[in-house]
Amino acid sequence: MTGAPIGSVTVTMDGTDKSASLPLLAGTIGPSVFDIRKLYTDLDLFTYDPGYGGTAACESRITYIDGDEGVLLHRGYPIDQLAEQSTFLEVAHLLLNGELPDKEELAEFERGVMLHTMVHEQLRQFYNGFRRDAHPMAVICGVVGALSAFYHDSLDVTNADHRRISAFRLIAKLPTIAAWAYKYSIGQPFMYPRNDLGYAENFLYMMNAVPAEPYHVNPVLARAMDRILILHADHEQNASTSTVRLAGSTGANPFACIAAGIASLWGPAHGGANEAVLKMLAEIGHKDHIPDFIARVKDKNSGVRLMGFGHRVYKNYDPRAKIMERTCHEVLDELGIKDDPLLELALELERIALHDDYFISKKLYPNVDFYSGIILKAMGIPTSMFTVLFAVARTVGWISQWKEMMEDPLQRIGRPRQVYTGHAQRDFVVLQAR
Ligand code: CMC
């Protein structure tokens, strides 16, 4: 894979006769890039871009985001159409294989995933090693990493069949591993997966059912969960996906790479934000306290941020946030929750922020996490599981991006450089002389 060459950019070093001609490459849509690889060989220069805000680290055909217009496409399909009209496993097929499946392909794909929902029985023992109050992200990070110690028959990353089976295993086992992390934290027996249920339905079943009672999964909640999973499935080269790619670029096995992605997702600036939104709403407590809270957010020294607002790429409404808001109303209606104080508080906070110069001038809009926490809380999912759910969904994106990278003949180990600002070389001083 390489973008289409459309010209070149000449870089000249001021005050010298040195210059380099850098190829300009076009993507299908979105900004073109110039290929800087010759900068170092021809001019002995690196580029400097902390946070990678202006750097394309790879070429990809999976997801496209136009942050100014609030557009998110997976393999060309707009996220709202996918969320409204498809299922999570259809989207998983699309992300992994490049196209929407037809009926037969979908049935085969679903069967392929569902055949792998159980985990090796010995893996259960891992849970006992964790404290009961361990954060479920800590648990799933450890257990997913441990998968590589159990599935030796799919670890050869150069083998396409192994890659396919590992992808199925990860997509299938994450809900089981996540639900068991929850069951462990509340001291309930682990529920084995039921392959006669849909993906989201089975996940809700494993989270909520107990062996002593029959359990019926509410179809409206299953559909809402499926939609939440779709909305979190992939998001281009975000921090956790880049982590997965970087880990994978060394040839590490996919289970280890996804464990790395889970670790990266955990932070409050990334996947931990939906948990942080609920904490923030609880801290604000009442609509009357919003102005004080907004004043603290605007005060640079306070270190307080409006969680669920702002995005590195979106400088417009996050298209996923709109669908989340609709889903939020559907779930609350289904559960008969009227006048939910958290939702009222969130809506008022959003209204005030969207009319405030601070947020307008910095182009800060609600992101996907602003509403997801309210939905999940209404569904009875504990706050500590929010980021875990994100990880279940994003596993599909991570493994699709990993697969794409592994299939790219230009793939090399990821190895960024730096501008060194430490000491120049100096001689060692023996201890007595220091
Ligand atoms: N509340 C208040 N001010 C903010 C916020 C916010 N949520 N987000 C950004 N700003 C300000 C920031 O102070 C800075 O101001 P100034 O230019 O005066 O220094 C400016 O906006 C740009 O911020 P930045 O930190 O340089 O932007 P970034 O692209 O590095 O950060 C972000 C993106 C998502 C980390 C950030 O917007 C944030 O911390 N948001 C809250 C956490 C959150 O909701 N994260 C979920 C993101 S969506 C899901 C995911 O990707 O995992």
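So, how was this worked out
Positions within a chain are numbered from 1, following the residues in the order the chain's sequence is written. Note on the predicted model: pLDDT of at least 70 is required for a residue's local features to be given, and 80 or more for side-chain atom pairs to be given and counted; whole-chain, interface and lining totals, by contrast, use all residues. Working from all heavy atoms in the structure, the side-chain values ignore hydrogens and water. Any residue with a non-hydrogen atom lying within 4 Å of a molecule or strand is treated as near it. Identification of polar contacts relies on pairs of N or O atoms within 3.5 Å, with a donor-acceptor requirement for protein atoms, meaning one able to donate a hydrogen and the other able to accept it, and with residues adjacent in sequence counted only if both atoms are side-chain atoms. We get accessible surface area from the Shrake-Rupley algorithm with a probe of 1.4 Å; when it comes to residues, only the shown protein chains can shield them. Note on residue categories: nonpolar means Ala, Val, Leu, Ile, Met, Phe, Trp, Tyr, Cys or Pro, charged means Asp, Glu, Lys or Arg, and polar means any other residue, Gly included. Basic side-chain nitrogens of Lys or Arg form a salt bridge, by our definition, when they fall within 4 Å of a carboxyl oxygen of Asp or Glu. By the criteria applied, helices consist of DSSP H or I runs no shorter than four residues and strands consist of E runs no shorter than two, each listed in order from the N terminus. Buried means the residue's accessible area, taken with a 1.4 Å probe over protein chains only, is under 20% of the maximum for its type, while exposed means over 50%, and partly exposed covers the values in between. Strand pairing is assigned whenever DSSP identifies at least 2 bridges connecting the two strands. Only residues whose relative accessible area exceeds 30% and that form no salt bridge are eligible for patches; like-charged ones are grouped when within 9 Å, while nonpolar side chains (Val, Leu, Ile, Met, Phe, Trp, Tyr) are grouped when within 5 Å. Neither His nor the chain ends contribute to the count of charged residues, in which Lys and Arg are positive and Asp and Glu negative. A charged residue contributes its charge at one atom only: NZ of Lys, CZ of Arg, CG of Asp or CD of Glu. Classification of ring pairs rests on two measures: the distance between centres of Phe, Tyr or Trp rings, Trp counted by its six-membered ring, which must be within 6.5 Å, and the angle between planes, read as stacked under 30 degrees, edge-to-face over 60 and tilted in between. Counting as a charge over the ring demands two things of the Lys NZ or Arg CZ atom: a distance within 6 Å of the ring centre and an angle within 35 degrees of the ring normal. To obtain the arc, one takes the directions from the helix axis to the C-beta atoms. Only heavy atoms matter for contacts: two residues are in contact if any of them lie within 4.5 Å across the pair. Only buried residues count toward a nonpolar core. Its members are Ala, Val, Leu, Ile, Met, Phe, Trp, Tyr and Cys residues joined through side-chain atoms within 4.5 Å. For this text, the term disulfide refers to a pair of cysteine sulfurs within 2.5 Å.

### Overview of the site of the ligand
Moving on, step 1. Looking at the ligand, there are 20 residues lining it, with His-270, Arg-305, Leu-306, Arg-312 and Lys-362 nearest.
Moving on, step 2. Lys-300 places a polar side-chain atom, nitrogen or oxygen, 3.0 Å from an oxygen atom of the ligand.
Moving on, step 3. Note that an oxygen atom of the ligand is positioned 2.8 Å from one of the side-chain N or O atoms of Arg-305.
Moving on, step 4. Here the ligand has 940 Å² of accessible area as a free molecule, and 75% of this is covered by the chains.
Moving on, step 5. Counted by class, the shell around the ligand contains nine nonpolar, six polar and five charged residues.

### Re the pattern of salt bridges
Moving on, step 1. Applying the stated criterion to the full structure yields 18 salt bridges.
Moving on, step 2. Among the ionic pairs, Arg-296 bridges to Glu-283, the shortest N-O distance being 3.3 Å. Of this pair, Arg-296 sits in helix α13 (residues 290–298) while Glu-283 sits in helix α12 (residues 273–284); the two residues are 13 residues apart in sequence, bridging distant segments of the chain.
Moving on, step 3. When the shortest N-O distance is used, the salt bridge between Arg-320 and Asp-318 registers 2.8 Å.
Moving on, step 4. Look at Arg-320 and you get buried, because its relative accessible area is 2%.

### Description of the sheet that holds strand β6 (residues 77–78)
Moving on, step 1. In space, the three strands of this open sheet follow the order β4-β5-β6, with antiparallel pairing throughout. Strands at the two margins of the open sheet, each flanked by one partner only, are β4 (63–66) and β6.
Moving on, step 2. Both strand β5 (residues 71–74) and β6 contribute to a ladder of two bridges, which runs antiparallel. Along β6, the bridge assignment pairs His-74 with Tyr-77.

### Some thoughts on a negative patch on the surface
Moving on, step 1. On the surface, Asp-102, Glu-104, Glu-105 and Glu-108 cluster together to form a negatively charged patch.
Moving on, step 2. Of note, Asp-102 is situated in the loop between α3 (88–97) and α4 (103–114).
Moving on, step 3. The exposure class assigned to Asp-102 is partly exposed, which follows from its relative accessible area of 43%.

### What to know about the packing of aromatic side chains
Moving on, step 1. A complete count under the given rule lists 14 aromatic pairs for this structure.
Moving on, step 2. Taken together, a centroid distance of 5.0 Å and an interplanar angle of 65° make the contact between Tyr-127 and Phe-190 edge-to-face. Of the two residues, Tyr-127 sits in helix α5 (residues 124–128) while Phe-190 sits in the loop between α7 (160–186) and α8 (199–208), which places them 63 residues apart along the sequence. Grouping residues by exposure puts Tyr-127 and Phe-190 together as buried.
Moving on, step 3. On the numbers, 6.2 Å between centres and 40° between planes, the contact of Tyr-151 with Phe-255 is tilted. Linking Tyr-151 in the loop between α6 (136–146) and α7 with Phe-255 in helix α11 (residues 254–265), this pair joins segments that are 104 residues apart in sequence.
Moving on, step 4. Classification of Tyr-151 as buried rests on a relative accessible area of 9%.
Moving on, step 5. Through pairs of rings, three or more aromatic residues link up here, namely Phe-309, Tyr-358, Phe-359, Phe-370 and Tyr-371.
Moving on, step 6. When the ring centre of Tyr-184 is taken as reference, the NZ or CZ atom of Arg-132 above it lies at 4.1 Å.

### Some points on helix α10 (residues 239–248)
Moving on, step 1. For α10, the set of buried residues is Ser-240, Thr-241, Val-244, Arg-245 and Gly-248. The buried residues of α10 occupy an angular sector of 140° when the element is viewed end-on, so they sit on one face.
Moving on, step 2. Looking at the packing, one finds that the buried side of α10 touches α11 and α18 (386–407).

### Some details on the sheet that holds strand β1 (residues 4–12)
Moving on, step 1. Spatially, the three strands line up as an open sheet ordered β1-β2-β3, and their pairing is antiparallel. The open sheet terminates on both sides in strands that have one partner only, identified here as β1 and β3 (33–34).
Moving on, step 2. As defined by bridge partners, β1 adjoins strand β2 (residues 19–26) across eight bridges and the pair is classed as antiparallel. When the bridges of β2 are listed, Ala-4 appears paired with Ala-26.

### What about the nonpolar core?
The tendency in soluble globular proteins is for nonpolar side chains to be buried side by side.
Moving on, step 1. Counting residues in hydrophobic clusters, the biggest one holds 120 residues, and the most contacted among them are Met-225, Met-280, Leu-281, Leu-349 and Ile-381.
Moving on, step 2. In this view, Met-280 contacts Phe-293, Arg-305, Leu-306, Met-307, Leu-349 and Phe-370; residues no more than four positions away in its chain are not counted.

### A closer look at the state of the cysteines
Simply put, disulfide is the name for a covalent bond between the sulfur atoms of two cysteines.
Moving on, step 1. Across all of its chains, the model carries zero disulfides by this definition.
Moving on, step 2. Free cysteine Cys-257: the closest other cysteine sulfur is in Cys-141, separated by 12 Å.
Moving on, step 3. Here Cys-257 falls in the buried class, since its relative accessible area comes to 1%.

### A word on unusual backbone geometry
Moving on, step 1. Non-glycine residue Asp-44 carries a positive phi angle of around 60°.
Moving on, step 2. Along the chain, Asp-44 turns up in the loop between α1 (37–43) and β4.
Moving on, step 3. Classification of Asp-44 by relative accessible area gives exposed; the value is 57%.

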